[in-house]
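Residue-level structural notes
Below are the chains, spelled out letter by letter.
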Amino acid sequence: METSTEDIYLFNTMTRNKERFIPNEKGRVGMYTCGLTVYDYGHIGNFRAFIFEDQLRRWLEYRGYKVTQVMNLTDVDDRTIKGSKQQGIPLKQYTERYIKAFFEDLETLNIERAEHYPRATEHISEMVALIKRLLEKGYAYRSEDGSIYYDISKFTGYGKLSKIKLEELKSGARVKADEYEKETAADFALWKAWDQADGEIFWNTEIGKGRPGWHIECSAMSMKYLGEAFDIHCGGIDNMFPHHENEIAQSEAGTGRKFVNYWMHNEHLLVEGRKMAKSLGNYYTVKDLTAKGYDGRVIRYLLLSTHYRQQLNFTFEGLSAAKNTIDRLLNFIRRLQEADGAGFGEELNVLTKRAEMNFEKAMDDDLNISVALAALFDFVREVNTLLDGKLLNKKEAKQVHSLMMKFDMVLGVIGSIEKREKLPKEAEELIKTREEARKARDWKRADQIREQLKTMGIVVEDTADGVKWRKEKT
Ligand SMILES: [Zn+2]
């Protein structure tokens, strides 16, 4: 039986309230997450959103839900077309490069794969079908150039997500661009009739020669993979208006049903206190940071450790602090693996139960990561004290280790130490040579090599079980 402690509460942007999560279908979650417009490499602001969504996904899985996540790839829109023209290469070739990089970045940041990554260019017929439905129902109309617009005055709920007031809008005003500001809310393009600027990019369809607008892409693709009504729709706060507002208008007018039950938005990312912009020189992709030597898990930790509804100020100081935190965690795991003390007894259960409960309670509360992490680090501190006193026996250390691994199902920052800590070939050779020196009782040589390894950041210890090594904390 479900108990109230396992209820998950999520902040729903639609109602501006935390609500108990109740899925449409018991035990299952359908979740749509607006993906990347592949006109450039994803920047850390994009990945803040993707990591928030990954955290949500992992938490739902932790709580036993079977998640179906869909993340679109916008590979045709104003920006991708402009970019491919500027570089003089076909659209597909242009977007492919960024799609490939996107999947590499997911790997780097240990983001779980969604079940579907639909591409807009492969779903034109679904978009055309939805536009036809909107035309038939009178929510859309054709303009002089053959483009098709959504008539926002026809949809009574228009503005309900972003809370914009329709009476402030000029009736009949139109906007053809995919991106626009709240101040210019107007009828928006569902289908853009071909013009010279589109060059080779067009589809010949029942509704004419042209290409889809950006917003219709997400309505058509989410409904294809998740059904006309699904549980959760996520995205960055920038996408709330006009993108998500338009998705609601298109989908609900098309189906006559409520489109999404829970809308979830993550706040902005700032860099060193300022809005990130190429012109300010504070614009970073994931690859920019790994090129500077930062580990993907460190970047991941920094991006996930601020609550998703708070602005995240990305700084290099924060990045080093994240590195220290990850090192601390890894050291802790290593100590657990080596623990062989007398045994602490029943009390340990109290500590683990409390840590687990506090962590879970926090995450159930709209993914309150700061409180969850505090619970985790309190626990680490307590157990470290036990380890200092050589109080944990092997079995108890294993118990703690399993709880840490359980937490890591959600955090995704520890993983398998053995896999992460591969020695450089040179160090491996040195350790072997040192072993030989020790066997030959050449202590002087052995000590020299130990020092040499130390300069490489590798500490070797001679224990009863043989030689152990670890990377030094930096
Ligand atoms: Zn979208």
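Right, let's talk about the sheet that holds strand S4 (residues 66-71) for a bit. With parallel pairing, four strands are arranged side by side in an open sheet as S4-S3-S11-S12. Of all the strands in the sheet, the pair left with one neighbour each is S4 and strand S12 (260-266). Across the sheet, the axes of successive neighbouring strands diverge by a mean angle of 20°, strand direction being ignored. Where strand S11 (residues 230-236) meets S12, six bridges bridge the pair, whose relative direction is parallel. Its bridge partner lying in S12, Gly236 is registered against Asn266. Here helix H1 (residues 44-62) sits on the sheet in contact with strand S3 (28-33), S4, S11 and S12, set at roughly 160° to S4. This element, helix H5 (residues 214-226), spans S3, S4 and S11 of the sheet and lies at about 160° to S3.

Here the focus is the packing of aromatic side chains. As enumerated under the stated definition, the model contains 26 aromatic pairs in all. Aromatic side chains Phe102 and Phe103 sit 5.1 Å apart centroid to centroid with 65° between the ring planes, which places their arrangement in the edge-to-face category. For the pair Phe102 and Phe103, a shared accessibility class is recorded, and that class is buried. The structure contains a cluster of three or more aromatic residues connected by ring pairs, namely Phe47, Phe50, Phe102, Phe103 and Tyr117. One Lys or Arg, Lys209, reaches over the ring of Trp194 and ends 4.4 Å from the middle of that ring. Seen from the ring of Tyr283, Lys278 lies directly overhead, with NZ or CZ sitting 4.9 Å from the centre.

Protein coordination at the zinc ion: the donors are Cys34 (SG), Cys218 (SG) and His243 (NE2), at 2.1 to 2.2 Å from the metal. Here the donor residues of the zinc ion share one chain and are spaced in sequence as C-x183-C-x24-H. Of this pair, Cys218 sits in helix H5 while His243 is found in helix H6 (residues 240-255), placing the two residues 25 residues apart along the sequence. Judged by its relative accessible area of 0%, Cys218 is buried. Using a relative accessible area of 1% as the deciding quantity, one classes His243 as buried.

A word on the nonpolar core. Ranked by size, the top nonpolar core spans 89 residues in total, and within it Leu60, Phe102, Ile232, Phe314 and Met404 carry the most contacts. Judged by nonpolar contacts, the second largest core, of 46 residues, contains Leu134, Tyr180, Ala220 and Met223.

Basis of the calculations
- Residues numbered from 1 in each chain as written.
- Predicted model: local features only at pLDDT ≥ 70, side-chain atom pairs only at ≥ 80, totals over all residues.
- Heavy atoms only, no water.
- Pairing = 2+ DSSP bridges.
- Helix = DSSP H or I, 4+ residues; strand = E, 2+ residues; numbered from the N terminus.
- Axes fitted to C-alpha atoms, helices over the stretch in contact; angles between N-to-C directions.
- Contact = heavy atoms within 4.5 Å.
- Phe/Tyr/Trp six-rings, centres within 6.5 Å; stacked < 30°, edge-to-face > 60°.
- Buried < 20%, exposed > 50% of the residue type's maximum accessible area, 1.4 Å probe, protein only.
- Lys NZ or Arg CZ within 6 Å of the ring centre and 35° of its normal.
- Donors = N, O, S within 2.8 Å, 3.2 Å for Na, K, Ca; no water.
- Core = buried A, V, L, I, M, F, W, Y, C linked by side-chain atoms within 4.5 Å.

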